[in-house]
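The lines below spell out each chain.
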Amino acid sequence: MLNQFFQDPIQLATAQAAVAIALALGMMFIAAWAGIHLEKEILIALLRGLVQVVAVGAVLLFIFQGPELLGFVILAGMMALAAKTAEKRAEGLPDAFRVALFGIALGGGSVILLMTWAGVIDPKLTSLIPIGSMIIANSMNAASLALDRFQGEIRSHVGHIETALALGADPKTAVQPYARAAVRASLIPRIDSLRTLGIVWIPGVMTGMLLAGNQPVHAALYQFVIMAMILAVSGLASLISALLMAGAIFTPAEQLKINIRV
Amino acid sequence: MKLETRDLTRVHEGRAIVDHVNLAVATGEVVMIVGPSGAGKSSLLRLLNRLDEPTAGTAFLDGVDYRRIPPRELRRRVGMIMQTAHLFPGSVADNVRFGPRQRGRDLSEVEIERLLSRVGLSGFGDRMVDRLSGGEAQRVAIARALANDPEVLLLDEPTSALDDSAKAAVEDLLSEIIREESLTCVWVTHDTAQAKRMADRVLVMQNGRLQMTS
């Protein structure tokens, strides 16, 4: 209906946003009527979300006109921010920023470069930045999950780890079962989402391509490519993070660092 | 092997949990350390196989500064038995094999059986560790430590988590093994009667310091 009134795409999108906001406000009033008062939170969230996403759109409009090299600079910045976020999740582990940065940069970076080289990702900024950021976000999630789980495993197995050290094991051997458990745990959600792809959910890229009028099989295959890439990058990022952290929690004299133990 | 410490100290969060400890244990001697909880007994043991780093001072094995011995080699020579067995998941034999395997040596079935019969667990090799009693688990931990051929044995309240009958049996077993192998021992306990039964020498530790000898 809206497209009968608005010909200009920006005006049409603004009108669509207004309808979506009205829908959310309607939900807010129904909730308030039912005694669930979230008016302030909902209004702030709507406003923030709108301003943030429009600002990103405006920035992307500017960036998309820049040189291709700019894409890689932006992705590098995203990796640093992602590592900072993963570091928070790994609070209490030594050297968490460096470990997460290596995990994300080596895992995410190698997949982005390989896939760009192979022609799966178009090096044009309009595709490199959104797909690259998706890969980085997923490597961040995988690294965070792996580090969080690794920390839990280490803290609940301090006795076993120190027993292994006391028997003359090298630190990597002493923590190997826990690093493996952490990587496995971080991959399970990725494997599950690949397994249920198309049955339980139709994910974002495919939805977007279908909305943009692409042929469904083409959209489906590209979505599969993305999901397989996400699985690969998650595995790489969590494996690298867990391996590096397995080294970082020991002193040069092969002792478990005190802040892990206590 | 002779074990000595010189002003061995560990400071944690501004407090000396082990405070200038000077200790000399002769080859084959059993030194028991008693003292209240929090006195620093376990912290001292952890310094002796370098699971923790001394803040000051050092230890000597047969006159060699232990910081010059690679940590894995040091820990093979200075074995440790803790209060809890901390057995690794798998079979009893897997646990006994663990130490030598770290140096690339695979124990034969015969060697494993010999170690197990040494601790009174003949025929237990294929048993899964989650099916052992507390006393049996601690015996496996002893066999696992002996598999490394240690020259010094550090014992951190090895019988305190066991019931009375298992406690007496494990104590007898340790006593026998220590004498037969002439192991140099530092044994930490809060049980003064046990200390008197087992020791060549009893030392008292309080506030991180070794207080007196008897």
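Above this text sits the structure in question.
Conventions and cut-offs
Residues numbered from 1 in each chain as written. Chains lettered and ligands numbered in written order. Predicted model: local features only at pLDDT ≥ 70, side-chain atom pairs only at ≥ 80, totals over all residues. Heavy atoms only, no water. Helix = DSSP H or I, 4+ residues; strand = E, 2+ residues; numbered from the N terminus. Buried < 20%, exposed > 50% of the residue type's maximum accessible area, 1.4 Å probe, protein only. Areas by Shrake-Rupley, 256 points an atom, 1.4 Å probe, with all protein chains shown as cover. Lys, Arg positive; Asp, Glu negative; His and termini not counted. Charge placed at Lys NZ, Arg CZ, Asp CG, Glu CD. Contact = heavy atoms within 4.5 Å. Buried area = accessible area lost by both parts, 1.4 Å probe. Salt bridge = Lys/Arg side-chain N within 4 Å of Asp/Glu carboxyl O. Polar contact = N/O pair within 3.5 Å; in protein donor to acceptor, adjacent residues only side chain to side chain.

Assigned secondary structure in chain B consists of seven helices and 10 strands. With respect to the principal axes defined by its C-alpha atoms, chain B has extents near 45 × 40 × 35 Å. The burial tally for chain B puts 56% of its 214 residues in the buried class. When the accessible surface of chain B is split by element, carbon and sulfur atoms take 45% of a total near 9300 Å². Placing the 29 positive and 31 negative side-chain charges of chain B at their respective mean positions leaves the two points 4 Å apart.

Turning next to the interface of chain A and chain B. Taken together, the contacts link 18 residues of chain A with 23 residues of chain B. Of the roughly 1900 Å² buried between chain A and chain B on both sides combined, carbon and sulfur atoms contribute 55%. If you look at where chain A meets chain B, you find two salt bridges. With a closest N to O distance of 2.6 Å, R46(B) and E162(A) form a salt bridge. On the surface where chain A and chain B come into contact, there are nine residue pairs in polar contact (both at pLDDT 80 or more). Breaking the side of chain A that touches chain B down by element, the ones donating at least two residues are α7 (158-166), α8 (171-195) and α11 (258-261) of chain A. Broken down by element, the residue count for the side of chain A that touches chain B peaks at seven residues, all from α7(A).

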